[in-house]
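# Descriptive analysis of the structure
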Amino acid sequence: MKINYDKTEEFTRDFKKLLKKFSSLVDDLEVNKQYRIELFHCKGIDSRSIFEIQGVGNTAEFKFFKVKKFQCKDLKGRGAKSGIRLIYAYFPIEQKIVFIEIYFKADQANESKQRIIDFINTIK
C-alpha cells in the first residue's frame, strides 16, 4: 500500500524557513514518512510518536495528526526529541496525506488550530 503525499502552501513556507536552520530537513522528512507515518497508517505499527489531534473536525473521511518524535540529523544528540513538530491530514480512503504545518517547538508552542480549520474549509 502506497501513501500519496501533498502539502499546503503554508507548509511549504514553514519548511523553507526551517530548512535555513536545519539543512538535513529534506532527508529527515523522507525518513519520518517511511519509518513513522507509513508504518503507523499502512502497517498499524505505533511507535508512540504520532498523535491524533482532537477537537478539530475529524471525520471518517479525514483525521489530523501530529508527529512529535521527528528525528532531525542537524539536532545531534537529541534523537527523536528534536522539538520539530509535523502536522498533517490523513485521508484513509484515498491513502493520502496532506502536510499542513511544520514548526520548531522553541519557536512555537503548539500547532495552529486556525490553519487546520482553514484547511478543512478548502476541502469542503
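For the structure itself, look to the data block above.
The paragraphs below set out a description of the structure included in this document.

The rules behind these values
Residues numbered from 1 in each chain as written. Predicted model: local features only at pLDDT ≥ 70, side-chain atom pairs only at ≥ 80, totals over all residues. Heavy atoms only, no water. Helix = DSSP H or I, 4+ residues; strand = E, 2+ residues; numbered from the N terminus. Buried < 20%, exposed > 50% of the residue type's maximum accessible area, 1.4 Å probe, protein only. Contact = heavy atoms within 4.5 Å. Areas by Shrake-Rupley, 256 points an atom, 1.4 Å probe, with all protein chains shown as cover. Lys, Arg positive; Asp, Glu negative; His and termini not counted. Charge placed at Lys NZ, Arg CZ, Asp CG, Glu CD. Pairing = 2+ DSSP bridges. Axes fitted to C-alpha atoms, helices over the stretch in contact; angles between N-to-C directions. Bend = angle between axes of the 7 residues up to and from the residue. Phe/Tyr/Trp six-rings, centres within 6.5 Å; stacked < 30°, edge-to-face > 60°. Lys NZ or Arg CZ within 6 Å of the ring centre and 35° of its normal.

### A word on the overall build of the protein
On a plain count of helices and strands, the protein comes out with three helices and five strands. Element order for the protein, N to C, with α for helix and β for strand: β-α-α-β-β-β-β-α. The dimensions of the protein, computed from C-alpha atoms along their principal axes, are 40 × 30 × 20 Å. Taking all 124 residues of the protein together, the buried fraction comes to 43%. Residue pairs at least 24 apart in sequence account for 55% of intrachain contacts in the protein once pairs closer than 6 positions are excluded. For the protein, the computed accessible surface area is about 7,200 Å², with 51% contributed by carbon and sulfur atoms. On the protein, the mean spot of the 25 positive side-chain charges and the mean spot of the 17 negative ones are 5 Å from each other.

### Thoughts on the sheet that holds strand 3 (residues 63-67)
Ordered in space as 1-5-4-3-2, the five strands form an open sheet in which the pairing is mixed. In this open sheet, the two edge strands, each paired with only one partner strand, are strand 1 (4-7) and strand 2 (50-52). Across this sheet, the average inter-strand angle for adjacent strands is 30 degrees, counted without regard to direction. With five bridges joining them, strand 3 and strand 4 (residues 84-91) adopt antiparallel strand pairing. Bridge assignment links Phe 65 to a residue of strand 4, and that residue is Tyr 88. Across the sheet, helix 1 (residues 9-21) is in contact with strand 1, strand 4 and strand 5 (96-104); its angle to strand 5 comes to roughly 45 degrees.

### Structural notes on helix 2 (residues 25-42)
Residue Lys 33 marks the point of greatest curvature in helix 2, where the axis turns by about 35 degrees. Along helix 2, the positions that sit buried rather than exposed are Leu 25, Asp 28, Leu 29, Asn 32, Lys 33, Arg 36, Ile 37, Glu 38 and His 41. Against strand 1, helix 1, strand 2, strand 3, strand 4 and strand 5 lie the buried residues of helix 2. Of the residues one or two after helix 2, Gly 44 is the one with positive phi, at around 70 degrees.

### Points about the pairing of strand 4
In terms of residue burial, strand 4 counts as a mostly covered element, since eight of its eight residues are buried. Residues Ile 84, Leu 86, Tyr 88 and Tyr 90 line one face of strand 4 and the alternating positions Arg 85, Ile 87, Ala 89 and Phe 91 line the opposite face, and both faces are buried. Taken together, the eight bridges between strand 4 and strand 5 define a ladder with antiparallel strand orientation. Residue pairing across strands places Ile 87 opposite Glu 101, the latter belonging to strand 5. Hairpin remark: strand 4 followed by strand 5, antiparallel, with four residues in the connecting loop; positive phi at Gln 95, about 55 degrees.

### Structural notes on the pairing of strand 5
Counting buried positions along strand 5 gives eight out of nine residues, so the element sits mostly inside the fold. The sheet contact formed by strand 1 and strand 5 spans four bridges and is parallel. Paired with Asp 6 across the bridge in strand 5 is Val 98.

### Structural notes on the packing of aromatic side chains
What the rule picks out here adds up to twelve aromatic pairs. Each residue in the set Tyr 5, Phe 11, Phe 15, Phe 40, Phe 65, Tyr 88, Tyr 90 and Phe 99 is aromatic and connected to the rest through ring pairs, giving one cluster. Against the face of Tyr 5 rests Lys 33, its NZ or CZ located 4.4 Å from the ring centre. Over the ring of Phe 51 we find Lys 68; its NZ or CZ atom is 4.8 Å from the centre of that ring.

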